[in-house]
Amino acid sequence: MVNLLKVHGSQNHFFILDQTELKQKLSDEELKKLTIKLTDPKTGLLDGADGVLVVNDPVRENALAQMRVINADGSEASMCGNGLRTVARYLSEKYQKTNFLVDTMNASLRVRKDDDFASNVPAFAVEISPVHFNKEALPFDNLGHDRLIDDFAPELYQGLRFSSIAVPNPHLISFVNQRQITGPILGIIGKRLNDKNPYFTDGVNVNFAQILDKNRLFVRTYERGVGFTNACGTGMSATSLAFCLTKPEIAEFDTPINVYNPGGMVKTIVHYENKNYWIELIGNATFTHQISIDEEDLRNSNFATAQITETTEQNAYERFVDNLPKFNDITTLA
Ligand SMILES: N[C@@H](CCC[C@H](N)C(=O)O)C(=O)O
């Protein structure tokens, strides 16, 4: 039997699959097929998810394990901030460690246990890096800019200013007003830039941010490989960096920024050290279900035999969210 976990960070939902516990690791093709089936809201398990987080043995020196991120459409992402917090918790409990490195596609990242956000709402802090601004790293093209930092890009949308930052997965950010953040523009831009298009040829995560106050944001994301999501950890991190760079009078480096999202709230801290930017992302790492399934059934996406046990953590998380200030009535997923 294989154990899977259903988890979330700010209601950005994932399954964690620890391949080190399998008799035989899944091939990349099998992982892609399994992810598409498992995460499907209709035919998958437990109403689906935004992706699968795959735990493997480490690939670099000093890391405890590797995390791979498979989006719901089967594409692979270089990073996932909300996902890394949940994997950090999984590894922390498995190896009884509170501070360690996890390998991701482009870097080994520091993770640590933080103070619980509320009773039965465990929280972890993860490093979001490396950060790039150049058009080759995103990549983007045909926008008349080598970098996009708070600039108009009428090819993308008339009248909005955009920043584009890779952390290292690609993000496009625009600071907008309340009407724009709740309206249809984000979906229009997100769909267009994640279909075949001449600007972001590998697609891009699109984030709309509303400035609430000094060091306070509300962020909504249209995610590459997924669509609308309740929250995107790397998106909130990239947006916090754009906030510090473009609105220095109301956004401070080395200071917690509260980032609200349709699924809850996280804290980010933006740093500039040794000529490099990096962001600390702190938020819940909630396990909602434990799933036990025969390894062959999992490999064949036959979920009928899965045994599912619900934890008590979702109720605690919902209580935590009920106590947060309310800004925009947007919840994109159940
Ligand atoms: N929601 C994630 C980001 C997952 C990857 C993204 N879909 C991509 O393709 O870059 C997060 O919390 O960072």
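Residues numbered from 1 in each chain as written. Predicted model: local features only at pLDDT ≥ 70, side-chain atom pairs only at ≥ 80, totals over all residues.

## Digging into the site of the ligand
Right, on to step 1. Around the ligand sit 18 residues, and of these A77, N82, N169, G233 and T234 come closest.
Right, on to step 2. Put simply, the parts of the chain that give the shell around the ligand at least two residues each are β4 (65-71), α2 (81-95) and α5 (233-246).
Right, on to step 3. Residues belonging to the shell around the ligand are distributed by class as follows: five nonpolar, eleven polar and two charged.
Right, on to step 4. Mapping the shell around the ligand onto the domain boundaries places at least three of its residues in each of domain 1 (2-130 + 284-322) and domain 2 (151-266). (Near = placed C-beta within 6 Å. Helix = DSSP H or I, 4+ residues; strand = E, 2+ residues; numbered from the N terminus. Nonpolar A, V, L, I, M, F, W, Y, C, P; charged D, E, K, R; others polar. Domains from an automatic or database assignment.)

## Section: the domain arrangement of the protein chain
Right, on to step 1. For the protein chain, the assigned domains are domain 1 (2-130 + 284-322) and domain 2 (151-266).
Right, on to step 2. Relative to domain 2, the C-alpha centre of domain 1 lies at a distance of 24 Å.
Right, on to step 3. The greatest single-element share of the side of domain 1 that touches domain 2, amounting to three residues, is contributed by α2.
Right, on to step 4. Its residues placed into classes, the side of domain 1 that touches domain 2 shows seven nonpolar, twelve polar and three charged.

## Points about the UniProt feature "active site" (unreviewed entry) in the protein chain
Right, on to step 1. Per the UniProt annotation, the sites labelled "active site" (unreviewed entry) are C80 and C232. On the basis of their most widely separated C-alpha atoms, the annotated residues across 153 residues gather in one place, lying no more than 7.8 Å apart.
Right, on to step 2. As for its placement among the helices and strands, C80 is situated in the loop between β5 (76-77) and α2.
Right, on to step 3. With residues up to four places along the chain from it excluded, the contact list for C80 reads G51, L53, V69, G233 and T234.
Right, on to step 4. Its place among the elements puts C232 in the loop between β14 (227-229) and α5. (UniProt positions renumbered as here; feature names shortened; annotations may be inferred. Contact = placed C-beta atoms within 7 Å.)

## Side note on the packing of α2 against α5
Right, on to step 1. α5 packs onto α2 with a crossing angle of 120° between their chain directions and a minimal axis gap of 5 Å. Comparing their axes, α5 and α2 come out oblique. For the pair formed by α2 and α5, the contact residues are G81, N82 and R85 on the first element and G233, T234 and S237 on the second.
Right, on to step 2. Within the contact of α2 with α5, the residues separate by chemical class into no nonpolar, five polar and one charged. (Axes fitted to C-alpha atoms, helices over the stretch in contact; angles between N-to-C directions. Parallel < 35°, antiparallel > 145°, perpendicular 65-115°, else oblique.)

## Quick word on the nonpolar core
Right, on to step 1. Counting 87 residues, the largest nonpolar core has I16, L53 and V87 as its most contacted members.
Right, on to step 2. Residue contributions to this core peak at six residues, all from α5.
Right, on to step 3. Both domain 1 (2-130 + 284-322) and domain 2 (151-266) contribute no fewer than three residues apiece to this core.
Right, on to step 4. With residues up to four places along the chain from it excluded, the contact list for V87 reads I16, L53, V55, M67 and V102. (Core = buried A, V, L, I, M, F, W, Y, C linked by C-beta atoms within 7 Å. Buried ≥ 20, exposed ≤ 12 C-beta atoms within 10 Å, placed from the backbone.)

## Some points on the environment of N276
Right, on to step 1. Within the secondary structure, N276 sits in strand β17 (residues 276-284).
Right, on to step 2. Separated by 146 residues in sequence, N276 and P130 have C-alpha atoms that sit 8.0 Å apart.

## Focus: α5
Right, on to step 1. With 14 residues, α5 extends 20 Å between its outermost C-alpha atoms, agreeing within 8% with the 20 Å of an ideal straight helix rising 1.5 Å per residue.
Right, on to step 2. Across the 14 residues that make up α5, a large majority, twelve, are buried.
Right, on to step 3. Among the residues of α5, G233, T234, G235, M236, S237, A238, T239, S240, L241, A242, F243 and C244 are the ones counted as buried. (Expected span 1.5 Å × (residues − 1).)

## So, α2
Right, on to step 1. The end-to-end C-alpha separation of α2 is 21 Å, in line with the 21 Å expected for 15 residues at 1.5 Å each.
Right, on to step 2. Looking only at α2, the buried set comprises G81, N82, G83, L84, R85, T86, V87, A88, R89, Y90, L91 and S92.
Right, on to step 3. Following α2 by one or two positions, Q96 has its phi on the positive side, about 55°.

## Re the pairing of strand β16 (residues 264-273)
Right, on to step 1. Two elements, strand β15 (residues 257-261) and β16, share five bridges in a ladder whose sense is antiparallel. Across the sheet, N258 pairs through a bridge with K267, a residue of β16.
Right, on to step 2. Linking β15 to β16, which pair antiparallel, is a turn of two residues.
Right, on to step 3. In terms of strand pairing, β16 meets β17 through seven bridges, oriented antiparallel. Note on β17: the bridge partner recorded for T268 is L281.
Right, on to step 4. From the end of β16 to the start of β17, which pair antiparallel, there are two residues, and N274 there has a positive phi angle of about 50°. (Pairing = 2+ DSSP bridges.)

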